[in-house]
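Chain residues, written in single-letter form:
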Amino acid sequence: MINLWRHALACLLALLLLSPALAEPAKPKPDFAVKTKAIDGQVLLDAPIRADPKLAENCLAEGKKWIAENRTEAEQEFKSDPELFRNGAWTYERSYTVSSLVADRYVSIVRTDYSYTGGAHPNTDINTILWDKAQGKRISIRPFFTETADGGPAMKAMVTGVLASLKTEKKARGADDSDTDYVKSIAPNLLKIGAVTLTPSTEAGKSAGLTFHYPPYAVGAYAEGAYNAYVPWQTLTPHLSAEGAAIFSGERPKGDDDRAR
């Protein structure tokens, strides 16, 4: 009987020791990776991107170029000052994640760059890609609006929506509402308003508006993290082209606003 209890106890302890490892989700395998004494770099593509050969090729080529540029810089620094790498190689990771597919044609992708070069904290940058499956290339949101001139009515409406969304989100996070310096950086210009994606919708195949993505530091302190600003399509209705009117409808799904937190 004693031996039986000992055996049962040994099995229980073995399960307890193994359970943390079993509970940890497997890390995704990178689509490209390079590791030297100076750099640990990788590129990761979302599964829907891998499923589209032309899109995958486009993103992977861009990711490889980014890794190569950082590798050159890191290895130069390693040669000139190895002490900078006393805690290990510099880390660079670029990931491409699909945030929405609209009209079975327009693929919105969030590109997140993570890097750590031994500073006080890692750095994160966020950009976006809008891919037109029909044309097999990257496009902007311009075709969805009657005009997108700098300082024009459509861009001003977007800025108004972005600032209102950020104000609401900052309040929800308990952030310092007296810090409004970021307002000046959000200009009515497609290249300066922020990285944008088509917001998913409760209506299949449609978009509920525009989501603007801001990395840490862009619109607040680093500790506040990244922000997403949602602009509902209804506020942009007067500025929609026929192509835009065809894709915008429905509401933003519950939970979509949690992506930046």
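In what follows, the accompanying structure is described. Treat the numbers as computed from the prediction; the structure is a model and nothing was measured.

1. A closer look at the pairing of strand S4 (residues 106-116)
Burial runs high along S4: eight of the eleven residues are buried. Two strands pair when backbone bridges link them, and strand S3 (residues 90-102) and S4 are joined in this way by eleven bridges, in the antiparallel orientation. Directly across from Glu93, in S4, lies its bridge partner Tyr114. Where S4 meets strand S5 (residues 123-132), ten bridges bridge the pair, whose relative direction is antiparallel. Note on S5: the bridge partner recorded for Tyr106 is Asp132. Turn length for the S4-S5 hairpin, with the two strands adjacent in sequence and antiparallel, is six residues, and the turn residue Gly118 shows positive phi of about 90°.

2. Quick word on the layout of surface pockets
Volume-wise, the largest pocket comes out at about 380 Å³. In this structure, the largest pocket is lined by 16 residues; those nearest its centre are Asn127, Thr128, Leu190, Leu191 and Val196. Elements with a minimum of two residues in the lining of the largest pocket: S5, strand S6 (137-139) and strand S7 (195-200). No other element matches the four residues that S5 contributes to the lining of the largest pocket. For the lining of the largest pocket, the per-class residue count stands at eight nonpolar, four polar and four charged.

3. As for the sheet that holds S4
Consider a sheet: its strands pair through backbone hydrogen bonds, and that pairing is either parallel or antiparallel. Spatial ordering of the open sheet is given by S1-S2-S3-S4-S5-S6, a layout of six strands whose pairing is mixed. Every other strand in the sheet has two partners, leaving strand S1 (32-35) and S6 as the edge strands with one partner each. Taking the axes of each pair of neighbouring strands and ignoring which way they run, one obtains an average angle of 25° across the sheet. With three bridges connecting them, S5 and S6 associate as antiparallel partners. Each residue of the ladder has a partner; that of Leu130, found in S6, is Ile139. Taken strand by strand, helix H3 (residues 53-80) contacts S1, strand S2 (39-45), S3, S4, S5 and S6, and its axis lies near 170° from that of S2.

4. Some thoughts on the packing of aromatic side chains
Tallied over the full model, the rule gives seven aromatic pairs. Centre to centre, the rings of Phe144 and Phe248 are 6.3 Å apart; their planes meet at 85°, and the pair counts as edge-to-face. Of the two residues, Phe144 is situated in the loop between S6 and helix H4 (153-173) and Phe248 in the segment after helix H6 (242-247); the sequence distance between them amounts to 104 residues. By relative accessible area, Phe248 is classed as buried at 4%.

About the cut-offs
- Residues numbered from 1 in each chain as written.
- Predicted model: local features only at pLDDT ≥ 70, side-chain atom pairs only at ≥ 80, totals over all residues.
- Heavy atoms only, no water.
- Buried < 20%, exposed > 50% of the residue type's maximum accessible area, 1.4 Å probe, protein only.
- Helix = DSSP H or I, 4+ residues; strand = E, 2+ residues; numbered from the N terminus.
- Pairing = 2+ DSSP bridges.
- 1 Å grid on protein atoms, 1.4 Å probe; cavity = no way out; pocket = protein on both sides within 12 Å on 5 of 7 lines; lining within 4 Å.
- Points joined across faces, edges and corners; volume = space filled by probe spheres on them.
- Nonpolar A, V, L, I, M, F, W, Y, C, P; charged D, E, K, R; others polar.
- Axes fitted to C-alpha atoms, helices over the stretch in contact; angles between N-to-C directions.
- Contact = heavy atoms within 4.5 Å.
- Phe/Tyr/Trp six-rings, centres within 6.5 Å; stacked < 30°, edge-to-face > 60°.

The values are spatial; any link to function lies outside them.
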